[in-house]
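# Secondary and tertiary structure notes
Chain residues, written in single-letter form:
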Amino acid sequence: MMNEQLPPIRIGANDFHLLKLAAMQAVEDSNPVCSFLVSELERAELVESAAPLRCVRLDNWVTFRADDGLLLESRIPVLPENFRSNHLHVSILSPLGAALIGVPVGSRMPYVGIDGISHVLTVESLEPPLGVISLQQHRALRSMLRNDDNEPGPRGPTAA
């Protein structure tokens, strides 16, 4: 592909199953990216879902830099059926999405775009971008607020 060394790929068991199904469907649909995704799945280290992963996962934020540029991009890798917006999501059946899946933080990953041009991405972070509250944070906050509602005590101003 290029002179860039391929980083190790680690994929959780649940994600692996979903990715494999998507890749098989892509083969049937003659998607040009499916062979790249399949090759990445073949070389991936499978990790039990309970193990913490410090690598790009389905439905989780990733911040990356393309081609050693200054601009950071943050997106959520998703299955094709969950793709909604170019600004928010990246399909795992796109060259960029297939390149991101399983890459550890700090690693560089070479890939070839649909246009045939070689690129290298660098995974910078797995945290949501500043100002974006993650679904997990949102759920935790809602749960905390709900628990506070169950505690006895005054609930606000009362009339005398």
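Residues numbered from 1 in each chain as written. Predicted model: local features only at pLDDT ≥ 70, side-chain atom pairs only at ≥ 80, totals over all residues. Heavy atoms only, no water.

Turning next to unusual backbone geometry. Positive phi, close to 50°, is recorded for Asp67, a residue that is not glycine. Assignment of secondary structure puts Asp67 in the loop between strand E3 (62-66) and strand E4 (72-78). In this model, Asp68 sits at a positive phi of 55°, which is unusual for a non-glycine residue. Looking at Asp68, the relative accessible area reads 54%, which means it is exposed. (Helix = DSSP H or I, 4+ residues; strand = E, 2+ residues; numbered from the N terminus. Buried < 20%, exposed > 50% of the residue type's maximum accessible area, 1.4 Å probe, protein only.)

Here the focus is the pattern of salt bridges. By the definition in use, this model includes 6 salt bridges. Notably, a salt bridge pairs Arg43 with Glu40, separated by 3.0 Å at the nearest N-O pair. Taken together, the residues Arg43 and Glu40, both in helix H2 (residues 34-43) and 3 residues apart, mark about one turn of the helix. We classify Arg43 as partly exposed; its relative accessible area is 30%. Exposure remark for Glu40: the relative accessible area of 5% places this residue in the buried category. For the salt bridge of Arg75 with Glu73, the shortest nitrogen-to-oxygen distance reads 2.9 Å. Judged by relative accessible area, which is 25%, Glu73 ranks as partly exposed. (Salt bridge = Lys/Arg side-chain N within 4 Å of Asp/Glu carboxyl O.)

Here we take up helix H1 (residues 13-28). Residues separated by three or four positions in an α-helix point in the same direction, a consequence of the helix having 3.6 residues per turn. Here H1 is 16 residues long and its end C-alpha atoms lie 23 Å apart, about the 22 Å a rise of 1.5 Å per residue gives. For H1, the full list of buried residues reads Asp15, Phe16, Leu19, Ala22, Ala23 and Ala26. The buried residues of H1 occupy one face: seen down the axis, they fall within an arc of 130°. For H1, the exposed residues lying more than 90 degrees away from the buried face are Asn14 and Glu28. (Expected span 1.5 Å × (residues − 1). Arc of directions from axis to C-beta.)

With 32 residues, the main nonpolar core has Ile11, Ile92, Leu100, Leu121 and Val123 as its most contacted residues. Breaking this core down by element, the ones donating at least two residues are H1, H2, E3, helix H3 (95-100), strand E6 (108-112) and strand E7 (118-125). Looking at which element gives the most residues to this core, the answer is H1, with 5 residues. Setting aside chain neighbours within four positions, we find Leu100 in contact with Val56, Val62, Phe64, Val90, Leu121 and Val123. (Core = buried A, V, L, I, M, F, W, Y, C linked by side-chain atoms within 4.5 Å. Contact = heavy atoms within 4.5 Å.)

At a closest axis distance of 9 Å, the pairing of H1 and H2 adopts a crossing angle of 150°. Considering their axes alone, H1 and H2 lie roughly antiparallel with respect to each other. Crossing geometry of H1 relative to H2 is assigned as left-handed. Side by side, H1 and H2 meet where Phe16, Leu19, Lys20, Ala23, Ala26 and Val27 of the first sit next to Cys34, Leu37, Val38 and Leu41 of the second. For the contact of H1 with H2, the per-class residue count stands at 9 nonpolar, no polar and 1 charged. (Axes fitted to C-alpha atoms, helices over the stretch in contact; angles between N-to-C directions. Parallel < 35°, antiparallel > 145°, perpendicular 65-115°, else oblique. Left-handed = near helix turned anticlockwise from the far one by under 90°. Nonpolar A, V, L, I, M, F, W, Y, C, P; charged D, E, K, R; others polar.)

Pairing within the open sheet is mixed, and its 5 strands lie in the order E5-E4-E3-E7-E6. Every interior strand has two partners, whereas the edge strands, strand E5 (89-91) and E6, have only one. Between one strand axis and the next, the sheet turns by 45° as a mean value, whatever way the strands run. The pairing of E3 with E4 spans 4 bridges and is classified as antiparallel. In the strand pairing of E4, Phe64 is matched with Glu73. (Pairing = 2+ DSSP bridges.)

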